[in-house]
Amino acid sequence: MRKPIIAGNWKMNKLAAEGARFLMDIREKVPEEGRVETVVCAPFIHLPFLSEAARDFPVSIGAQNMHHEESGAFTGEVSPAMLSDLLISHVIIGHSERRQYFNETDETVNQKTHAAFEHGITPIVCVGESLEQRENNETMDFVESQVVKGLEGLSEEQVKDVVLAYEPIWAIGTGKTASSEQANEVCTHIRKVIEKTFSKEAAEAVRIQYGGSVKPETIEELLSMSDIDGALVGGASLKEESFLKLVEAGANVS
Ligand SMILES: O=C(CO)COP(=O)(O)O
């Protein structure tokens with residue numbers, strides 16, 4: 001069975017003290033690692049503290065982006081080497097907000113995904129359609145092309161370790177969760193694309209999260225679906241109490 005993975009994406013929220021307090025508040029309460037993988041993806045400036053503080057309990061710390069180059073003249077950027085130096089274990093790649101506001105493309109997603117593996121960081125690769133694409137029945141083709149282009153050139157073994165996050169843009173921060181059936185339909189398609197492009201083993205191993213207005217009230221049903229292995233959560237990951245409920249739901253998937 002694939003281990004559920006619940007990741008909080010704080011986006012551009014929380015001052016340093018708030019981030020630290022969050023971690024201290026959840027430390028005694030997160031379920032053990034065997035049942036669920038718990039990840040907190042924080043703004044860069046939080047990472048040194050959070051990574052150090054989370055060392056002795058089962059929360060992994062992730063970044064929300066990175067550059068693909070090791071180092072160099074890229075003002076304002078953070079490299080994969082810098083993240084792995086801080087023992088950052090996960091990185092969100094190609095979030096729709098980065099695609100929309102910061103010109104990320106399938107090509108940069110692919111470069112960053114390769115770079116993450118070169119530095120031992122698990123990439124959480126985001127895909128998902130706009131409302132217009134959904135209304136025009138383009139969802140499956142569009143998501144398929146994002147997956148194929150984003151993962152191009154990875155080995156089968158690497159693909160098994162990728163985390164894909166299906167986040168329909170129309171459901172992000174809008175309170176409109178995709179129904180569990182809608183979400184699962186696309187996640188099933190993504191798994192078929194992995195099988196067709198890589199192998200059946202890779203498709204069976206790869207974990208696919210759903211993201212978009214996930215709340216404690218909706219998580220259980222989402223996680224009960226055949227191809228949804230976790231959630232990437234924005235708003236509901238900002239409060240300790242709701243984040244813990246989401247993680248607990250992940251731990252209780254049997
Ligand atoms: O974008 C998201 C997570 O990456 C989803 O955000 P919300 O959970 O706030 O809708």
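Residues numbered from 1 in each chain as written. Predicted model: local features only at pLDDT ≥ 70, side-chain atom pairs only at ≥ 80, totals over all residues. Heavy atoms only, no water.

1. Re the overall build of the chain
Summing up its helical and strand segments, the chain has 12 helices and 8 strands in all. What you see for the chain is a C-alpha radius of gyration of 17 Å, in line with the 18 Å of a compact globule of 254 residues. Referenced to the eigenvectors of the C-alpha coordinate spread, the extents of the chain come out at roughly 45 × 45 × 35 Å. Classification of the 254 residues of the chain by burial places 54% in the buried group. Taking contacts inside the chain between residues at least 6 apart in sequence as the whole, the part at least 24 apart equals 74%. (Helix = DSSP H or I, 4+ residues; strand = E, 2+ residues; numbered from the N terminus. Rg over C-alpha atoms; globule rule 2.2 N^0.38 Å. Buried < 20%, exposed > 50% of the residue type's maximum accessible area, 1.4 Å probe, protein only. Contact = heavy atoms within 4.5 Å.)

2. Considerations on unusual backbone geometry
The residue Lys 14 is not glycine, and still its phi comes out positive at about 80°. As for its placement among the helices and strands, Lys 14 is situated in the loop between β1 (5-9) and α1 (16-26). Overall, Lys 14 belongs to the partly exposed group, its relative accessible area being 21%. In the Ramachandran plot, Leu 87 falls in the positive-phi region, its phi being about 65° despite a non-glycine side chain. With respect to the helices, strands and loops of the structure, Leu 87 is situated in the loop between α3 (80-85) and β4 (90-93).

3. Some points on the site of the ligand
As a matter of local geometry, the ligand sits amid 13 residues, with Lys 11, His 95, Gly 173, Ser 213 and Gly 235 nearest to it. In this structure, Gly 173 approaches the ligand through a main-chain N or O atom, which is 2.6 Å from an oxygen atom. One of the backbone N or O atoms of Gly 235 is found 2.8 Å from an oxygen atom in the ligand. For the ligand, the accessible surface in isolation is 310 Å², of which the surrounding protein chains cover 95%. Counting atoms within 2 Å of the grid points, the majority share of the ligand lands in the second largest pocket. Across the shell around the ligand, the residue classes break down as 4 nonpolar, 7 polar and 2 charged. (Near = heavy atom within 4 Å. Polar contact = N/O pair within 3.5 Å; in protein donor to acceptor, adjacent residues only side chain to side chain. Areas by Shrake-Rupley, 256 points an atom, 1.4 Å probe, with all protein chains shown as cover. 1 Å grid on protein atoms, 1.4 Å probe; cavity = no way out; pocket = protein on both sides within 12 Å on 5 of 7 lines; lining within 4 Å. Sits in = over half its atoms within 2 Å of the grid points. Nonpolar A, V, L, I, M, F, W, Y, C, P; charged D, E, K, R; others polar.)

4. Here we look at helix α7 (residues 139-150)
For α7, with 12 residues, the first-to-last C-alpha span of 16 Å sits near the 16 Å given by 1.5 Å per residue. For α7, the elements touching its buried residues are α4 (96-101), α5 (106-118), β5 (122-127), α6 (131-135), β6 (163-166) and α9 (180-197). (Expected span 1.5 Å × (residues − 1).)

5. Focus on helix α12 (residues 240-251)
Helix length check: α12, at 12 residues, gives a terminal C-alpha distance of 16 Å against a target of 16 Å (1.5 Å per residue), a fit within 8%. Here the buried face of α12 lies against β1, α1, β2 (37-41), α11 (216-223) and β8 (230-233).

6. Digging into the UniProt feature "modified residue: Phosphoserine" (unreviewed entry) in the chain
As recorded in UniProt, the feature "modified residue: Phosphoserine" (unreviewed entry) lies at Ser 213. Along the chain, the position of Ser 213 falls in the loop between β7 (207-211) and α11. For Ser 213, the residues in contact, after removing those within four places along its chain, are Ala 171, Ile 172, Gly 173, Thr 174, Gly 175, Lys 176, Thr 177 and Thr 218. Of the polar contacts made by the side chain of Ser 213, one reaches the backbone oxygen of Ala 171; its length is 2.7 Å. (UniProt positions renumbered as here; feature names shortened; annotations may be inferred.)

7. Some details on the environment of Arg 55
Mapping Arg 55 onto the fold places it in the loop between α2 (47-53) and β3 (60-63). The exposure class of Arg 55 is exposed, given its relative accessible area of 52%. Here the alpha-carbon distance between Arg 55 and Leu 87, two residues 32 residues apart in the chain, equals 9.2 Å. A distance of 3.2 Å separates a polar atom in the side chain of Arg 55 from a polar atom in the side chain of Glu 52.

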